[in-house]
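Residue strings, one per chain:
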Amino acid sequence: MQKLSSRRRTSFLSFQPPAIGPEEIAAVTDTLASGWLTSGPRAAELEARVAELTGARHGVALASGTAALHLSLAGLGIGPGDEVITSPITWPATGNVVVHLGARPVFVDVRDEDLNIDPTLAIAAITPRTKAIMPVDLAGQPADLDPLVATGIPVVEDAAHAIEAEYRGRKVGSIAHATCFSLYATKNVAAGEGGMVTTDDDDLATSIREYRLMRRGDGSLYDIRVAGFKANLSDIHAAIALCQLDKLERHAEIRRRHVEAYDAAVEELPGITPLARDPRDRHSLHLYVVRIDAEVAGADRDAYQRALAEENIGTSIHFLPVHRLTYYRERFPDQPPLPIAEQAGTEVLSLPLSPAHSDGDIADAIDALRRVHAAFTR
Ligand SMILES: Cc1ncc(COP(=O)(O)O)c(C=O)c1O
């Protein structure tokens, strides 16, 4: 066991600061000077770049990851009376978009090792009303996609965390019927806000584009076929995202180094266990999530989070089970318990992880975690 230092960090370590450099600042300035602020050449370039990165036929740039999920389901024609099977361990957006379309989210339990949807349970929950399955690639670990895709039911993958991930040697973004990415401020490609759908389905791509903006007709007239949303991505955001794409591998290398440091540290801290990463896959290392077993670690997750905050270390929680949140409890009172997700919701804690962190920042977070663990297990 490494010797404990007693040094508390003097400044607060943010959980996931964005890694923005002079390239992003120059790209925004250039975009402003170009006179083209809304969706234009940069958004189109981003679509082409993400399609190329993932190997998908289409990339559709949107205002958020939430819009990517929402418009994918809308484009598949999902509506009242339909069911969408999904994971409870996700950001509430994944369930909310189903509700917004008048359909019913059917939450099934997750696997204990990585907290991704259990494909056996997802398949068992299929009914004649099931119109889509929405797995989540939690923390950057791709969900087990093959058995879900094999059902023939459209898979709309929530890959908000997983832009550079690979599943069994195939790029995330080229496997599901539609794959939805987020470009939110903390994500691996951070534009501030933004989202992207990749798909090989020409009709779905057209439909998402129609829902994204009012469809233009020819000449001076316009017409619409669907009541669309205002969910397009501005060129200002696209310009930032393009710079972040250029840095994806460099940032991945920093994340890998930091994850290795965490792995080595938590191995010596009984009761603190990282989520499993499948060696057959490429994990995007978006989040470093540990589970805190209160019996062994001497205190529960909330106590650890408070103690780390006192050490000036920011942490976060990914995620509280969505079906237990007030809206979902009240709206869907017949939702059966999901024991693995519910237990995990009390245990998960995400440690600081961003390419904006230095090795010293991560060493500070590890030092603090060791001190807190030593105090709780004394
Ligand atoms: C798992 C997951 N799904 C969906 C979203 C929604 O993405 P956005 O914030 O870009 O709307 C997020 C996060 O922000 C997320 O973490």
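Residues numbered from 1 in each chain as written. Predicted model: local features only at pLDDT ≥ 70, side-chain atom pairs only at ≥ 80, totals over all residues. Heavy atoms only, no water.

Caption draft 1: Examining the site of the ligand more closely. In the neighbourhood of the ligand, 15 residues make up the surrounding shell, with Gly65, Thr66, Asp158, His161 and Ser182 lying closest. With respect to the ligand, the side chain of aspartate 158 contributes an N or O atom lying 2.7 Å from a nitrogen atom. Relative to its unbound accessible area of 380 Å², the ligand is 92% covered by the protein chains. Mapping the ligand onto the cavity grids shows that it belongs to the largest pocket. Taken together, the residues of the shell around the ligand sort by class into five nonpolar, eight polar and two charged. (Near = heavy atom within 4 Å. Polar contact = N/O pair within 3.5 Å; in protein donor to acceptor, adjacent residues only side chain to side chain. Areas by Shrake-Rupley, 256 points an atom, 1.4 Å probe, with all protein chains shown as cover. 1 Å grid on protein atoms, 1.4 Å probe; cavity = no way out; pocket = protein on both sides within 12 Å on 5 of 7 lines; lining within 4 Å. Sits in = over half its atoms within 2 Å of the grid points. Nonpolar A, V, L, I, M, F, W, Y, C, P; charged D, E, K, R; others polar.)

Caption draft 2: Structural detail: the layout of surface pockets. Size it by volume and the largest pocket reaches roughly 620 Å³. Considering the residues around the largest pocket, the lining is formed by 31 residues, among which Trp91, His161, Tyr184, Lys187 and Phe319 are closest to the centre. Partitioning the lining of the largest pocket into residue classes produces 15 nonpolar, 13 polar and three charged. (Points joined across faces, edges and corners; volume = space filled by probe spheres on them.)

Caption draft 3: Looking closely at the environment of lysine 230. Take lysine 230: it is sitting in the loop between helix 7 (202–212) and helix 8 (235–246). Relative accessible area serves as the criterion here: at 66%, lysine 230 is assigned to the exposed category. In this structure, the C-alpha to C-alpha distance between lysine 230 and alanine 26, residues 204 residues apart in sequence, is 27 Å. Excluding its chain neighbours within four sequence positions, the residues that come into contact with lysine 230 are Arg212 and Leu213. (Helix = DSSP H or I, 4+ residues; strand = E, 2+ residues; numbered from the N terminus. Buried < 20%, exposed > 50% of the residue type's maximum accessible area, 1.4 Å probe, protein only. Contact = heavy atoms within 4.5 Å.)

Caption draft 4: Local environment of the packing of aromatic side chains. Throughout the structure, instances matching the rule amount to seven aromatic pairs. Measuring from ring centre to ring centre gives 5.0 Å for tyrosine 304 and phenylalanine 376, while their planes differ by 55°; the resulting arrangement is tilted. On the criterion of sequence distance, the pair formed by tyrosine 304 in helix 11 (residues 301–310) and phenylalanine 376 in helix 14 (residues 359–377) is long-range, its members being 72 residues apart. According to the relative accessible area criterion, tyrosine 304 is buried, its value standing at 0%. Here the aromatic rings of tyrosine 327 and tyrosine 328 are separated by 5.1 Å at their centres, their planes lie at 85°, and the arrangement is edge-to-face. On the basis of relative accessible area, tyrosine 328 is assigned to the buried category, the value being 3%. Of the aromatic side chains, those joined through ring pairs into one cluster are Phe107, Tyr327, Tyr328 and Phe332. (Phe/Tyr/Trp six-rings, centres within 6.5 Å; stacked < 30°, edge-to-face > 60°.)

Caption draft 5: Local environment of the sheet that holds strand 1 (residues 58–62). Pairing in this open sheet of four strands is mixed, and the strands run 1-9-8-5 from one edge to the other. Both edges of this open sheet fall to strand 1 and strand 5 (156–158), since each of them pairs with a single strand only. Adjacent strand axes in the sheet meet at a mean angle of 20°, parallel and antiparallel pairs treated alike. The pairing of strand 1 with strand 9 (residues 195–199) spans five bridges and is antiparallel. Counterpart to alanine 61 in the pairing with strand 9 is methionine 196. Across the sheet, helix 3 (residues 65–75) touches strand 1, strand 5, strand 8 (178–182) and strand 9, and the angle it forms with strand 8 is around 160°. The strands touched by helix 7 are strand 1, strand 8 and strand 9; relative to strand 1, the strand with the most contacts, the crossing angle is about 15°. (Pairing = 2+ DSSP bridges. Axes fitted to C-alpha atoms, helices over the stretch in contact; angles between N-to-C directions.)

Caption draft 6: Quick peek at the pairing of strand 8. Among the five residues of strand 8, five are classified as buried, and the element is accordingly described as predominantly covered. On strand 8, burial covers both faces: Ala178, Cys180 and Ser182 on one face and Thr179 and Phe181 on the other are all buried. Looking at chain direction, strand 5 and strand 8 are connected through three bridges and run parallel. Residue pairing in the sheet places aspartate 158 in a bridge with cysteine 180 of strand 8. In this sheet, strand 9 lies alongside strand 8 in antiparallel orientation, the contact comprising five bridges. Bridged to cysteine 180 within strand 9 is valine 197.

Caption draft 7: Local environment of the nonpolar core. Judged by nonpolar contacts, the single largest core of 27 residues is most densely connected at Ile272, Tyr288, Val290, Tyr304, Leu308, Leu351 and Leu369. At the level of elements, helix 9 (248–266), strand 11 (288–292), helix 11, strand 12 (348–351) and helix 14 are the ones that each hand at least two residues to this core. The element that contributes the greatest number of residues to this core is helix 14, accounting for six residues. Setting aside anything within four residues of it in sequence, one finds leucine 351 in contact with Phe15, Tyr262, Tyr288, Val290, Leu308, Thr315 and Leu369. The next biggest cluster of nonpolar side chains, apart from the first, holds 25 residues, and it includes Leu73, Ala103, Ala132 and Leu204. (Core = buried A, V, L, I, M, F, W, Y, C linked by side-chain atoms within 4.5 Å.)

Caption draft 8: Spotlight on the sheet that holds strand 2 (residues 83–86). Reading across the sheet, the three strands line up as 3-2-4 and stay open at both edges, with parallel pairing between neighbours. If you trace the sheet from one side to the other, it starts and ends with strand 3 (104–107) and strand 4 (130–134), each paired once. Going from strand to strand, the sheet's axes swing by 25° on average, the running direction of each strand aside. Its contacts with the sheet put helix 4 (residues 93–100) on strand 2, strand 3 and strand 4, and the angle it makes with strand 3 is roughly 145°.

Just distances and angles here, no functional claims.
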